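Listed below, chain by chain, are the residues.
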Amino acid sequence: MVLCAGLFCLTTSVTAQEVKLSVVSPGEVRIRIDSIGPASEWSFRNVYAGVLGIAERVEQFHAFGLNGEDVGARKIATGEFRSTGAAKTIEYVVRLPPPDPASVSHVSWISGESGLLMLADLLPESLPGVELDVSLPAGWTCETEYAPDKNGKYQVRQPEKTVLLIGRGLRREAHRVGELPFDVALREQWPFKSEVGKAATKVFEKYLALTGSAPADKPIVMIAPLPVATGSVKWRAETRGRTVVLLMDPAAKIKNWTAQLGIIFTHELLHLWVPNSLLLEGDYDWFFEGFTLYTALVTALDLKFINSAEYVATLGRVYDSYLSRPDDLSLIDASERRWTSGNATVYDKGMLVAFLYDLAIRKNSAGKMWLGNIYKELFTRWAAQPANGNDVIIRLLSSTPAGADLAKSYIEGQRELDLKPLLADQKQLLKSLYYR
């Protein structure tokens with residue numbers, strides 16, 4: 001694919017698609033895809049991470065045959081297009097409205113002198129690998145997980161997981177933790193010196209030890225200005241494939257962000273492993289979101305990004321949030337309805353059930369083990385095997401009678417949580433839970 005703030009250009013061989021993408025303005029992108037065919041139907045992603053109507057931005061869709069003739073493409077539904085004849089080229093426009101806090105880390109946008117382009121919502125679904133040729137306005141550059149080839153093009157293997165950071169004055173830093181290389185891409189004017197790399201390095205070291213393995217592919221951490229910082233919204237983040245995106249309030253004072261960077265990374269970097277380095281299938285969001293939140297909290301405490309008081313306070317806040325809404329779903333059911341039910345069960349209850357598992361494991365092992373030990377077993381046995389995520393994780397968690405009971409009650413069942421006695425005795429909680 002090609003990015004252009006003038007032209008986005010994807011060029012393709014026999015297996016790749018040839019694409020030219022022109023950024024006409026921050027609010028409009030024009031795309032041309034060649035060597036697509038022959039094809040007569042195209043679909044665009046319409047829903048992602050709770051953001052609805054994404055495909056409504058696709059307009060002015062045209063399809064052309066082998067000789068360049070118009071083959072009568074028309075819109076048959078939102079994000080669905082069909083032509084009357086076989087096409088080898090399509091052209092269309094994608095409107096990029098101003099981003100809002102709910103969607104800014106999930107969909108494509110361009111604002112001011114920077115932007116994020118998610119190939120998953122700019123290209124039709126189910127495209128194979130693409131050859132991406134990026135053309136940008138004067139002074140703009142592009143950073144992505146792929147290095148350009150000798151012709152300046154990017155051989156993108158998984159468009160649906162690829163993110164492009166574009167803007168003026170970007171820089172890229174190379175880092176390494178043991179045998180794991182990773183890159184950081186950010187704007188030159190950010191007041192960061194070594195803070196991002198140092199914070200990420202500390203967290204990567206922890207998770208390499210935790211899982212016993214490196215992520216499936218070399219990661220990249222992208223830092224960009226949050227274009228919609230309002231009220232309490234000071235940052236947004238998402239991990240997609242091997243790309244971690246962190247959007248930060250451009251007015252943030254760096255001295256207040258050193259620890260905050262580490263806290264954010266404890267959650268987002270773990271997603272490079274879970275679920276992105278696993279081949280597990282199905283809706284097991286309760287584990288890769290809820291249990292990740294808890295594991296990240298313990299990791300933040302271990303690395304001294306937070307203190308023990310904040311550790312306990314966080315559990316209390318999550319429990320208060322859990323109590324603020326009905327709990328009438330199992331964690332498995334909540335995961336299946338994560339983006340349609342509008343509740344936070346996957347996050348709140350998932351994190352608190354992870355807390356209970358941790359207590360049970362520590363007690364059963366006399367403090368020699370904790371919840372984090374299951375990650376090494378998970379990656380030793382299941383990293384390269386396609387399997388049902390719920391079946392695999394529940395099997396691992398049910399290795400003790402206490403664990404099996406918790407799985408039956410809270411993950412597969414609909415039992416409500418009552419953590420008031422546990423959270424009330426903070427001294428005993430810290431003694432039994434954290435100091436191992």
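About the thresholds
- Residues numbered from 1 in each chain as written.
- Predicted model: local features only at pLDDT ≥ 70, side-chain atom pairs only at ≥ 80, totals over all residues.
- Heavy atoms only, no water.
- Helix = DSSP H or I, 4+ residues; strand = E, 2+ residues; numbered from the N terminus.
- Rg over C-alpha atoms; globule rule 2.2 N^0.38 Å.
- Buried < 20%, exposed > 50% of the residue type's maximum accessible area, 1.4 Å probe, protein only.
- Contact = heavy atoms within 4.5 Å.
- Areas by Shrake-Rupley, 256 points an atom, 1.4 Å probe, with all protein chains shown as cover.
- Expected span 1.5 Å × (residues − 1).
- Phe/Tyr/Trp six-rings, centres within 6.5 Å; stacked < 30°, edge-to-face > 60°.
- Lys NZ or Arg CZ within 6 Å of the ring centre and 35° of its normal.
- Pairing = 2+ DSSP bridges.
- Axes fitted to C-alpha atoms, helices over the stretch in contact; angles between N-to-C directions.

Trainee: So what's going on with the overall build of the protein chain? Which residues, and what values?
Mentor: On a plain count of helices and strands, the protein chain comes out with 12 helices and 19 strands. Its C-alpha atoms give the protein chain a radius of gyration of 23 Å, near enough to 22 Å, the size a compact globule of 436 residues would have. Expressed as lengths along the three principal axes of its C-alpha atoms, the size of the protein chain is roughly 75 × 45 × 40 Å. Residues counted as buried form 55% of the 436 residues belonging to the protein chain. Contacts spanning at least 24 positions in sequence make up 65% of the contacts within the protein chain whose residues lie at least 6 apart. Put simply, the protein chain shows about 18,800 Å² of open surface, and 50% of that area lies on carbon and sulfur atoms.

Trainee: Describe in detail unusual backbone geometry, supporting the description with residues and values.
Mentor: Among all residues except glycine, the phi angle is most often negative; among peptide bonds, the trans geometry is most common. In this chain, valine 274 is followed by proline 275 through a cis amide linkage whose omega measures 10°. Assignment of secondary structure puts proline 275 in the loop between helix 3 (258-268) and strand 18 (280-281). Despite not being glycine, alanine 49 has its phi angle at roughly 50°, a positive value. Mapped onto the elements, alanine 49 comes out in the loop between strand 3 (28-43) and strand 4 (58-64). Take alanine 49: its relative accessible area is 14%, and that puts it in the buried class.

Trainee: For the environment of isoleucine 31, give the residues involved together with the corresponding values.
Mentor: With respect to the secondary-structure elements, isoleucine 31 resides in strand 3. As a C-alpha pair, isoleucine 31 and valine 93 span 62 residues in sequence and 6.1 Å in three-dimensional space. Residues within four places of isoleucine 31 in sequence aside, it is in contact with Val19, Lys20, Leu21, Ile90, Glu91, Tyr92, Val94 and Leu122.

Trainee: Would you mind going over helix 4 (residues 285-302) in detail, with residue names and values included?
Mentor: Compared with the 26 Å implied by 1.5 Å per residue over 18 residues, the 25 Å span of helix 4 between its first and last C-alpha is a close match. Most of helix 4 sits inside the fold, with 16 of its 18 residues counted as buried. After helix 4 finishes, the residue lysine 304 shows a positive phi value of roughly 65°.

Trainee: Run through the environment of leucine 123, naming residues and quoting values.
Mentor: With respect to the helices, strands and loops of the structure, leucine 123 is situated in the loop between helix 1 (119-122) and strand 9 (130-135). The exposure class of leucine 123 is buried, given its relative accessible area of 2%. With 207 residues separating them along the chain, leucine 123 and serine 330 place their C-alpha atoms 36 Å apart.

Trainee: An account of the packing of aromatic side chains is requested, with residue identities and associated values reported.
Mentor: For any two aromatic rings, the description comes down to two numbers: the centre-to-centre distance and the angle of the planes. Tallied over the entire structure, the rule returns 17 aromatic pairs. Ring geometry for phenylalanine 61 against tyrosine 92: centres 5.7 Å apart, planes inclined by 15°, an arrangement best described as stacked. Separated by 31 residues along the polypeptide, phenylalanine 61 in strand 4 and tyrosine 92 in strand 6 (residues 80-95) bring together distant segments of the chain. You'll find phenylalanine 61 and tyrosine 92 in the same group, each marked buried. The structure contains a cluster of three or more aromatic residues connected by ring pairs, namely Trp42, Phe44, Phe61, Phe81 and Tyr92. If you follow arginine 242 out to its NZ or CZ, it ends over the ring of tyrosine 146, 5.0 Å from the centre.

Trainee: Talk me through the sheet that holds strand 7 (residues 109-111); I want residue IDs and the actual numbers.
Mentor: Strands sit in the order 7-8-12-10 across an open sheet of 4 strands; the sheet is antiparallel. One side of each edge strand has no neighbouring strand; the edge strands of this open sheet are strand 7 and strand 10 (140-143). Averaged over all neighbouring strand pairs, the angle between strand axes comes to 15°, with direction disregarded. Two elements, strand 10 and strand 12 (residues 163-168), share 4 bridges in a ladder whose sense is antiparallel. Counted as the bridge partner of tryptophan 140 is arginine 168 from strand 12.

Everything listed here is a matter of coordinates, which is why it stays silent on function.
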